[in-house]
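Fold and geometry: a report
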Amino acid sequence: MNRLIDSVRIVEVGPRDGLQSIDQIIPTSEKVKYINLLTDAGCPEIEVTSFVSPTWIPQLADGGEVSSAIHRNENSMYTALVPNQKGLEAALENDFRSVAIFTAASVTFCQKNTNCTIEESLKRFESMIPIWEEKQLRVRAYISTCWVCPYEGNVGAENVVKVIQDLLDLGVHEISLGDTIGKATPEDVEYLLEIILDNWPAEIFALHMHDTFNMAAENVTVGLGMGIRVLDASAGGIGGCPYAPGASGNISTETAVRICKEQGFETGIDIDKLKAAGKYIQSIIH
Ligand code: HMG
Ligand code: MG
């Protein structure tokens, strides 16, 4: 039996997506403890923090301190979210071998989130290629608003397809399709994935579903049925983007692990330890 077909990689985004929009300032030591609990739970990939403008995201301004204090296990991959070359350089200074860049399928969200058009965001990424190639980094790319934009409403599949092609032309290794405000229905997910998977193999895609309207569980189930094997999730279900009005947390990692198990997929995550991590961060956030 091919184990690759039977396993799903869950990308734990709680420390980044989960903490970026919390109003309260969470002490660095508590973030570090949360991430260490996630490592102990066997999370195969953890998005630790972002290196973005501290004016835009003050909650993660201690990304450097967090990154140097966490305990890193060789069985987990640690990723940092970066919007530009300055962020990429910070990620390298903080020993990341994996980075995630981010753009969008709708121009208004891109502008509100990163102060540039989609084309300009791609230009920023292009200027980063010599560095990520020289350092042989793993590069993941998010496309936000693949289904619905908080400012423009429904987003056409052709916009998503174009950004996917542009990102693949830049040489990214994985593309995470974002339902930024959790408005996609299972039918919407199936419709877009059919178009995408007619053009590219499922292996290069992840689903990043926010759970604002309790549809994330159904949506990832549709994705798994269509061959998607990478899911983004956040322990405790925390999260949201401050520049996406209405966005609430990602699908919880606890739910994602349960769905994978029910569907016969292994995740390698210890559910009891994961629940402890989720409870820990929920006990801190109020
Ligand atoms: P800007 O103001 O246009 O940038 O912002 P700039 O290049 O003009 O620089 C302005 C200042 O920011 C300068 O400092 C730069 O040095 C500094 P000053 O000279 O004024 O003192 N700066 C930085 N500082 C630290 N790290 C950096 C950096 N870059 C510039 N990397 C920028 C452009 C992209 C920087 C800004 O818009 C930004 O930081 N945006 C990030 C917003 C963000 O993090 N949003 C949440 C993450 S995305 C998300 O949640 C969606 C996702 O989960 C998927 C989904 O759900 O759909 C991924
Ligand atoms: Mg998100």
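Summarised in this report is the structure supplied together with it. (Residues numbered from 1 in each chain as written. Chains lettered and ligands numbered in written order. Predicted model: local features only at pLDDT ≥ 70, side-chain atom pairs only at ≥ 80, totals over all residues. Heavy atoms only, no water.)

Further remarks concern the site of ligand 1. The environment of ligand 1 is made up of 25 residues, and the closest members are Gln20, Asn113, Asn115, Ser144 and Thr180. At 3.0 Å, a side-chain N or O of Arg16 approaches an oxygen atom of ligand 1. In this structure, Phe51 approaches ligand 1 through a main-chain N or O atom, which is 3.0 Å from a nitrogen atom. For ligand 1, whose accessible area on its own is 1,100 Å², the fraction buried by protein is 72%. Among the elements of the structure, helix H2 (14–18), helix H5 (85–93), helix H6 (107–114) and strand E5 (138–144) are those that each provide at least two residues to the shell around ligand 1. (Near = heavy atom within 4 Å. Polar contact = N/O pair within 3.5 Å; in protein donor to acceptor, adjacent residues only side chain to side chain. Areas by Shrake-Rupley, 256 points an atom, 1.4 Å probe, with all protein chains shown as cover. Helix = DSSP H or I, 4+ residues; strand = E, 2+ residues; numbered from the N terminus.)

Turning next to the packing of H5 against helix H7 (residues 118–134). Taken N-terminus to C-terminus, the directions of H5 and H7 make an angle of 20°; their axes are 10 Å apart at the nearest point. As summarised for this structure, H5 and H7 are arranged roughly parallel, according to the angle between their axes. Taken as a pair, H5 and H7 cross one another with a handedness that is right-handed. Residues Gln85, Leu88, Glu89 and Leu92 of H5 pack against Ser127, Met128, Ile131 and Trp132 of H7. Looking at the contact of H5 with H7 residue by residue, the classes come out as 5 nonpolar, 2 polar and 1 charged. (Axes fitted to C-alpha atoms, helices over the stretch in contact; angles between N-to-C directions. Parallel < 35°, antiparallel > 145°, perpendicular 65-115°, else oblique. Left-handed = near helix turned anticlockwise from the far one by under 90°. Contact = heavy atoms within 4.5 Å. Nonpolar A, V, L, I, M, F, W, Y, C, P; charged D, E, K, R; others polar.)

One can find Gly237 in the loop between strand E10 (230–233) and helix H11 (253–262). Separated by 97 residues in sequence, Gly237 and Arg140 place their C-alpha atoms 22 Å apart. Gly237 has contacts with Gly249, Asn250 and Ser252, leaving out every residue within four places of it along the chain.

What follows covers the pattern of salt bridges. Evaluation of the coordinates by the stated rule reveals 12 salt bridges. One salt bridge in this structure joins Arg140 and Asp232, with 2.7 Å as the shortest N-O distance. Placement of Arg140 in strand E5 and of Asp232 in strand E10 is noted, with a sequence separation of 92 residues between them. Both residues of the pair, Arg140 and Asp232, belong to the buried class. For Arg258, the salt bridge identified is with Glu262, shortest N-O distance 3.0 Å. Taken together, the residues span about one helical turn, with Arg258 and Glu262 both in helix H11 at a distance of 4 residues. Here Arg258 falls in the partly exposed class, since its relative accessible area comes to 42%. Taking the relative accessible area as the measure of exposure, Glu262 reaches 55% and is therefore exposed. When salt bridges that share partners are traced, they join Arg9, Glu45, Arg138, Arg140, Glu174 and Asp232 into one network. (Salt bridge = Lys/Arg side-chain N within 4 Å of Asp/Glu carboxyl O. Buried < 20%, exposed > 50% of the residue type's maximum accessible area, 1.4 Å probe, protein only.)

This part takes up the nonpolar core. In terms of nonpolar packing, the biggest core is built from 91 residues, with Ile101, Trp147, Ile164, Leu167, Leu177 and Phe205 touching the most fellow members. If you tally residues by element for this core, the top one is H7, at 7 residues. Setting aside chain neighbours within four positions, we find Ile164 in contact with Ile143, Ile175, Leu177, Ile196, Trp200 and Phe205. Val11, Leu81, Tyr142 and Ala206 belong to the second-largest nonpolar core, a separate cluster that totals 8 residues. (Core = buried A, V, L, I, M, F, W, Y, C linked by side-chain atoms within 4.5 Å.)

With that settled, consider the environment of Val163. For Val163, the location among the structural elements is in helix H8 (residues 157–170). The exposure class assigned to Val163 is buried, which follows from its relative accessible area of 4%. Remark: the alpha-carbon pair of Val163 and Leu122, spanning 41 residues in sequence, is separated by 8.9 Å. In contact with Val163, not counting residues within four places along its chain, are Thr103, Ala104, Ala105, Ile118 and Ile143.

The next point concerns the coordination of the magnesium ion (ligand 2). In the first shell of the magnesium ion (ligand 2), the protein supplies Asp17 (OD), His208 (NE2) and His210 (NE2), at 2.0 to 2.3 Å from the metal. In primary-sequence terms, the residues that donate to the magnesium ion (ligand 2) follow D-x190-H-x1-H. A relative accessible area of 4% means that His210 is categorised as buried. (Donors = N, O, S within 2.8 Å, 3.2 Å for Na, K, Ca; no water.)

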